[in-house]
Amino acid sequence: MLLLLASADVATAVDAAGSDVLPGLAPTMSTTKDLPGEKVEIAETVDLIASVQAARLYDAAFSASRSARGAGLEKKAQGLAGLLPQLSVSGSHTYSRQTEGDLVGKNKTTSYQFNLVQPIFDVAKLADYRRGEVGAMQAETEFAQAEQKLLLDVSSAYFDILLAGDKLRATKAARQAFATQLDQAKVALSIGEGTRTEVDEAQANLDQAQAREIATESDLELARFSYRKLTGVEPQRIAPIDWACLNISPSDSLANQLSRAATSNLNIRAAELQRQQAGADVTTARGAHLPVINAVASYSETNGPNSSIAIYLQQSGKTRNSNVGLNISFPLFAGGGDMSRLREALGRDDQATQLVENARRQTSLDVRSAFLNTTNGVALIRAMERAVASAQSKVESTRLGREVGVRTTIDLLNAEKGFYESQSELASARYTYLKARLQLAAGTNDLNEPQLAEINCQQKKEQ
């Protein structure tokens, strides 16, 4: 009689297939990897938090964003500098000699001068100061966006490895089970207890399982490559998600999520800062038609002859001059260029205003999408968990039915195929939910390491 796999055998096959889910990873040991300016401790098992911490030190794009933030913060000091006093000093030392003519002699002259300018009314410099303030805030916002992107990218790569691993375990178990089924069907056919259809069905299932295994191995390799690019580490094994520990529940209400996103979303904030920059440009363009008033002061001193006779007589002298006053300039006509620049600035300002509105609408759409994916994701996970349990029960009942003659081998093959497919779909639903959960947190600017620690509860549980 044809030997059939029981559900316990199915579970055993899945566990056996998991032993080589991550082929080619580094051998198990704790190592230290040298990174530019830092050392990253790589443990035997790398969890999500450790992956993010390694990426903060290793990822070149994030390091570039950190440097850009430091450079951008200098914009505020540069803008302030235009409103502060400007002090300069100049000096000279000359030597001259006249050898022919009525007045023959030589001369040495030393002079120096201090100049002080303090802006009193200059709209352009006030706008530059505001532009510098906004530029510094933009640098902070852009760095926060880069940090948020890093968390999402690392988490996505981390989840992709786990998802590919779960799928690969299921496909390996399916291939092993269908290979056994094929051998048994061939034996049954040779002794006259089976049919050709059963052999063909087992062969088709085996071929499909092999094809899925190849595709899944490719997905796993790509996920590992993406993970290494971000973190620079070669873990022996990615720490799995403890689904029993993880709290999978619907998110807060959509209205609250949208309210937080409207006030905290980084994309909206960046668009609003761009609009403020455009507003400063409008102020600068309008200031080109206004007077510029500066307080000026100077002091100069000259040591040397003050006339040709003094040069001839080789007489020295010293003169001192000091001036204090106001310097007022008023533009009259600049060929129409100022008016053109004002019209351009007004157009840029209107563009920035529309981009803010677009950012608000896009954020609302993204938050709604992520919210629905998390809410529906919870329901889908629960449904798929029941589907896996039902599929396993179906395998058991079909096996018993085959033994008593009310089910065929083909029925059992289809039941086992449905069981493995349900396992893969459950894995996809789980990791899709986690990604949507992080996307929702990013939309409301709540994505941070404490958020990741809630997903990383496996490590919390072990500590």
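Residues numbered from 1 in each chain as written. Predicted model: local features only at pLDDT ≥ 70, side-chain atom pairs only at ≥ 80, totals over all residues. Heavy atoms only, no water.

A. Here's a closer look at the packing of helix 3 (residues 60-81) against helix 4 (residues 123-190). The contact between helix 3 and helix 4 brings their axes to 7 Å, and the two run at 165°. Considered as vectors, helix 3 and helix 4 are oriented roughly antiparallel to each other. Seen from above, helix 3 lies across helix 4 with left-handed handedness. Of the residues in helix 4, those touching helix 3 at Phe62, Ser65, Arg66, Ala68, Arg69, Gly72, Leu73, Lys75, Lys76, Gly79 and Leu80 are Asp128, Tyr129, Gly132, Glu133, Gly135, Ala136, Ala139, Glu140, Phe143, Ala146, Glu147 and Leu150. Residues that form the contact of helix 3 with helix 4 fall into these classes: 10 nonpolar, 5 polar and 8 charged. (Axes fitted to C-alpha atoms, helices over the stretch in contact; angles between N-to-C directions. Helix = DSSP H or I, 4+ residues; strand = E, 2+ residues; numbered from the N terminus. Parallel < 35°, antiparallel > 145°, perpendicular 65-115°, else oblique. Left-handed = near helix turned anticlockwise from the far one by under 90°. Contact = heavy atoms within 4.5 Å. Nonpolar A, V, L, I, M, F, W, Y, C, P; charged D, E, K, R; others polar.)

B. The nonpolar core, seen in detail. Ranked by size, the top nonpolar core spans 66 residues in total, and within it Tyr158, Phe159, Ile241 and Leu434 carry the most contacts. Of all elements in the fold, only helix 2 (48-58), helix 4, helix 5 (196-231), helix 9 (337-404), helix 10 (409-443) and helix 11 (449-455) reach the threshold of two or more residues within this core. In terms of residue count, the dominant contributor to this core is helix 4 (20 residues). For phenylalanine 159, the residues in contact, after removing those within four places along its chain, are Leu48, Ile241, Tyr431, Leu434, Lys435, Leu438 and Ile455. Ranked by size, the runner-up nonpolar core spans 5 residues in total, among them Ala261, Val367, Ala370 and Leu440. (Core = buried A, V, L, I, M, F, W, Y, C linked by side-chain atoms within 4.5 Å. Buried < 20%, exposed > 50% of the residue type's maximum accessible area, 1.4 Å probe, protein only.)

C. Molecular detail of helix 9. Across its 68 residues, helix 9 extends 95 Å between first and last C-alpha, which sits within 8% of the 100 Å expected from 1.5 Å per residue. Among the residues trailing helix 9, glycine 405 stands out with phi positive, at a value near 90°. (Expected span 1.5 Å × (residues − 1).)

D. Representation of unusual backbone geometry. At asparagine 445, a position not held by glycine, the phi torsion is positive, near 60°. Judged by its relative accessible area of 27%, asparagine 445 falls in the partly exposed class.

E. Highlighting the confidence of the model for the chain. On average, residues of the chain score 82 in pLDDT, and 83% of them are at 70 or above. Counting interchain partners and residues more than four positions distant, the pLDDT-below-50 stretch residues 1-43 has 86 contacts. Low pLDDT, under 50, characterises residues 459-463; the predicted model gives this stretch 5 contacts beyond four residues in sequence or across chains. (pLDDT = per-residue confidence, 0-100.)

F. Structural context of the pattern of salt bridges. The tally for this structure, following the rule as stated, stands at 24 salt bridges. Among the ionic contacts, a cluster of salt bridges with common partners joins Lys172, Arg175, Glu213 and Glu217. (Salt bridge = Lys/Arg side-chain N within 4 Å of Asp/Glu carboxyl O.)

G. Quick peek at the packing of aromatic side chains. Per the stated rule, a full pass over the model turns up 7 aromatic pairs. Judged by centre distance (5.4 Å) and plane angle (35°), the rings of phenylalanine 62 and phenylalanine 143 are tilted. Taken together, the residues span a long stretch of sequence, with phenylalanine 62 in helix 3 and phenylalanine 143 in helix 4 at a distance of 81 residues. A single burial state applies to phenylalanine 62 and to phenylalanine 143, both of which are buried. Ring centres of phenylalanine 159 and tyrosine 431 lie 6.1 Å apart, and the angle between their planes is 35°; on these two criteria the pair is classed as tilted. Of the two residues, phenylalanine 159 is situated in helix 4 and tyrosine 431 in helix 10; the sequence distance between them amounts to 272 residues. As far as the burial class goes, phenylalanine 159 and tyrosine 431 line up, both buried. These aromatic residues form a ring-pair network of at least three members: Tyr158, Phe159, Trp243 and Tyr431. In this structure, arginine 69 is placed above the aromatic ring of phenylalanine 143, and the distance from its NZ or CZ to the ring centre is 5.4 Å. (Phe/Tyr/Trp six-rings, centres within 6.5 Å; stacked < 30°, edge-to-face > 60°. Lys NZ or Arg CZ within 6 Å of the ring centre and 35° of its normal.)

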